[in-house]
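If you want the building blocks of each chain, they are given just below.
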Amino acid sequence: MAGTASPGLVWVLIEHRGGWPPNGFDGLDLDAGTKAVVSTAARRANARVLLVRRPGPRPRHGPKRWAVLRYESSGAYQQLWGTWEREEDLAGIVTALASPGSSGLPPVILICAHGRHDPCCAVRGRPVGRALSMRWPELVWECSHVGGDRFAANAVVAPDGVYYGGLDAESSVATIEAHLGGRIHAEYLRGYTDLTPLQQAAVAAVLERFGPAGRHDYQVTETVRQGERWRIRITGRPPHPASIDVELEARPSPPCQLTCLAPTTGSVMVYEPTSIRSA
């Protein structure tokens, strides 16, 4: 799974309690002009738009929420929340995408449960969403497609920008508890969304070798291609190693079924660590 987190620094969350079309927000039966305004603003901000809903029974009436979550290159996080009842209320997202948000808020835990996109996400994701919401009811949302259906159940911690995959009810609680405690483990980690796939795989290899660490305890400082291999230099904060060189080889995987609905097999790039050296 290492190196498979979808890139992105900004997320737009729109609560929609009913069924989700296969293509998510774009397929909702909303005013075309409203959807166009929100989609255009999101593209300009390089933001990903996700539909969200609370796990379990949901109220049919009452205001729904939206949010803009942003990860800054400095490592700071920002969130801006609003509500909507009428479609035109979603225009507040456009303003939020151009405005500073609040820092210091707890992260949002997103569990992909988009069954109409791929049934694996619903079958495996919903039990994980229920288990996590029993522990952190205010933080957990089911969400629409985040990528990597073959790794269901998938979780995204935002705006931290950390992807986890291959979770079940038990492992998800332990994984998120560790994450919230500043200890990211390699076992279920897909990657960090501010890094390239190669860099994500290198960080995962470092966490596997030297143990769990906080989101910003390691920084990628150099990426060099050496023939058919790559060298990623990573610097660590104390008490972690100060400098680590990870060499990786990128190669296509054997043919595999990439989603539950895939009519044929396909191949993806796999990033295999071949050497890890610390200074």
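Relevant structure appears above.
Keep in mind that this is a model prediction, so the values were computed, not measured.

Trainee: Help me out: how do you make sense of the overall build of the protein chain in this one?
Mentor: The secondary structure content of the protein chain amounts to five helices and 13 strands. Expressed along its principal axes, the backbone C-alpha trace of the protein chain runs to roughly 55 × 45 × 35 Å. Out of the 279 residues belonging to the protein chain, those deemed buried represent 50%. Intrachain contacts of the protein chain at a sequence separation of at least 6 include 63% that bridge at least 24 residues. When the accessible surface of the protein chain is split by element, carbon and sulfur atoms take 52% of a total near 12900 Å². The positive charge centre, built from 30 side chains, and the negative charge centre, built from 27, are 1 Å apart in the protein chain.

Trainee: Just checking my understanding: could you explain the pattern of salt bridges for this structure?
Mentor: Pairing between side chains of opposite charge can happen when their charged atoms approach one another. Applying the stated criterion across every chain yields a total of 12 salt bridges. For the salt bridge of Glu142 with Arg53, the shortest nitrogen-to-oxygen distance reads 3.1 Å. Of this pair, Glu142 sits in strand S6 (residues 140-143) while Arg53 sits in strand S2 (residues 47-53); the two residues are 89 residues apart in sequence, bridging distant segments of the chain. Note on Glu142: relative accessible area 4%, which makes it buried. Here Asp89 ties to Arg86 by a salt bridge, and the two come within 3.6 Å at their closest N and O atoms. The exposure class assigned to Arg86 is exposed, which follows from its relative accessible area of 52%. Connected via shared salt-bridge partners are Glu222, Arg231, Arg233 and Asp245.

Trainee: Just checking my understanding: could you explain the pairing of strand S12 (residues 243-252) for this structure?
Mentor: Both faces of the sheet carry side chains from a regular strand, because those side chains alternate between them. In the sheet, strand S11 (residues 229-236) pairs with S12 via seven bridges, with the strands oriented antiparallel. Each residue of the ladder has a partner; that of Ile232, found in S12, is Val246. The loop that links S11 with its antiparallel partner S12 comprises six residues. Where S12 and strand S13 (residues 269-278) come together, nine bridges link them in antiparallel fashion. If you follow Glu247 over to S13, its bridge partner there is Ser275.

Trainee: Before we go on, may I ask you to explain helix H3 (residues 119-135) in this structure?
Mentor: Since one α-helical turn is 3.6 residues long, residues separated by three or four positions face the same way. Its 17 residues place the ends of H3 25 Å apart at the C-alpha level, agreeing with the 24 Å of an ideal helix rising 1.5 Å per residue. Along H3, the sharpest change in direction is near 35° and occurs at Gly125; proline Pro127 comes one to four residues later. The inward-facing, buried residues of H3 contact strand S5 (108-112), S6 and helix H4 (169-180). Here H3 starts with a cap whose side-chain oxygen sits 3.1 Å from the backbone nitrogen of Cys120, and that cap is Asp118.

Trainee: Please clarify how the pairing of S11 should be interpreted in this entry.
Mentor: Bridge count for strand S10 (residues 218-226) against S11 is eight bridges, and the pairing is antiparallel. By the bridge assignment, Tyr218 is partnered in S11 with Gly236. In this structure, the hairpin formed by S10 and S11 is closed by a connection of two residues, where Gly227 is found at a positive phi of approximately 70°.

Trainee: Teacher, can you tell me more about H4 here?
Mentor: With 12 residues, H4 extends 17 Å from end C-alpha to end C-alpha; this agrees with the ideal 16 Å at 1.5 Å per step. Within H4, the full set of buried residues consists of Ser171, Ser172, Thr175, Ile176, Ala178 and His179. Projected down its long axis, H4 carries its buried residues within an arc of 160°, all on one side. In the core, the buried residues of H4 are packed alongside S5, H3, strand S7 (155-158) and strand S8 (162-164). Sitting at the amino-terminal end of H4 is Asp168, which places a side-chain oxygen 3.3 Å from the backbone nitrogen of Glu170. Looking one or two places after H4, you find Gly182, whose phi comes out positive at around 80°.

Trainee: What exactly am I supposed to notice about the nonpolar core here?
Mentor: When a protein is soluble and globular, its nonpolar side chains tend to lie buried together. Core analysis: the largest hydrophobic core is formed by 36 residues, its most contacted members being Tyr164, Leu207 and Val246. The leading source of residues in this core is helix H5 (residues 197-210), at eight residues. With sequence-adjacent residues up to four places away left out, Leu207 is seen in contact with Ile184, Ala186, Leu189, Tyr192, Pro212, Ala213 and Tyr218. Counting 19 residues, the second largest nonpolar core, distinct from the first, contains Val10, Leu51, Leu90 and Ala96.

Trainee: I would appreciate a short explanation of the packing of aromatic side chains in the present structure.
Mentor: For any two aromatic rings, the description comes down to two numbers: the centre-to-centre distance and the angle of the planes. For the structure shown, the criterion picks out two aromatic pairs. Ring centres of Tyr71 and Tyr77 lie 5.6 Å apart, and the angle between their planes is 40°; on these two criteria the pair is classed as tilted. A relative accessible area of 6% places Tyr71 in the buried class. Judged by centre distance (6.3 Å) and plane angle (25°), the rings of Trp81 and Trp141 are stacked. Separated by 60 residues along the polypeptide, Trp81 in strand S4 (residues 77-84) and Trp141 in strand S6 bring together distant segments of the chain. On the basis of relative accessible area, Trp81 is assigned to the partly exposed category, the value being 25%. Residue placement shows Arg54 over the ring face of Trp141; its charged tip is 3.7 Å from the ring centre. Sitting above the plane of the Tyr192 ring, Arg215 keeps its charged end 4.1 Å from the centroid.

The rules we used
Residues numbered from 1 in each chain as written. Predicted model: local features only at pLDDT ≥ 70, side-chain atom pairs only at ≥ 80, totals over all residues. Heavy atoms only, no water. Helix = DSSP H or I, 4+ residues; strand = E, 2+ residues; numbered from the N terminus. Buried < 20%, exposed > 50% of the residue type's maximum accessible area, 1.4 Å probe, protein only. Contact = heavy atoms within 4.5 Å. Areas by Shrake-Rupley, 256 points an atom, 1.4 Å probe, with all protein chains shown as cover. Lys, Arg positive; Asp, Glu negative; His and termini not counted. Charge placed at Lys NZ, Arg CZ, Asp CG, Glu CD. Salt bridge = Lys/Arg side-chain N within 4 Å of Asp/Glu carboxyl O. Pairing = 2+ DSSP bridges. Expected span 1.5 Å × (residues − 1). Bend = angle between axes of the 7 residues up to and from the residue. Polar contact = N/O pair within 3.5 Å; in protein donor to acceptor, adjacent residues only side chain to side chain. Arc of directions from axis to C-beta. Core = buried A, V, L, I, M, F, W, Y, C linked by side-chain atoms within 4.5 Å. Phe/Tyr/Trp six-rings, centres within 6.5 Å; stacked < 30°, edge-to-face > 60°. Lys NZ or Arg CZ within 6 Å of the ring centre and 35° of its normal.

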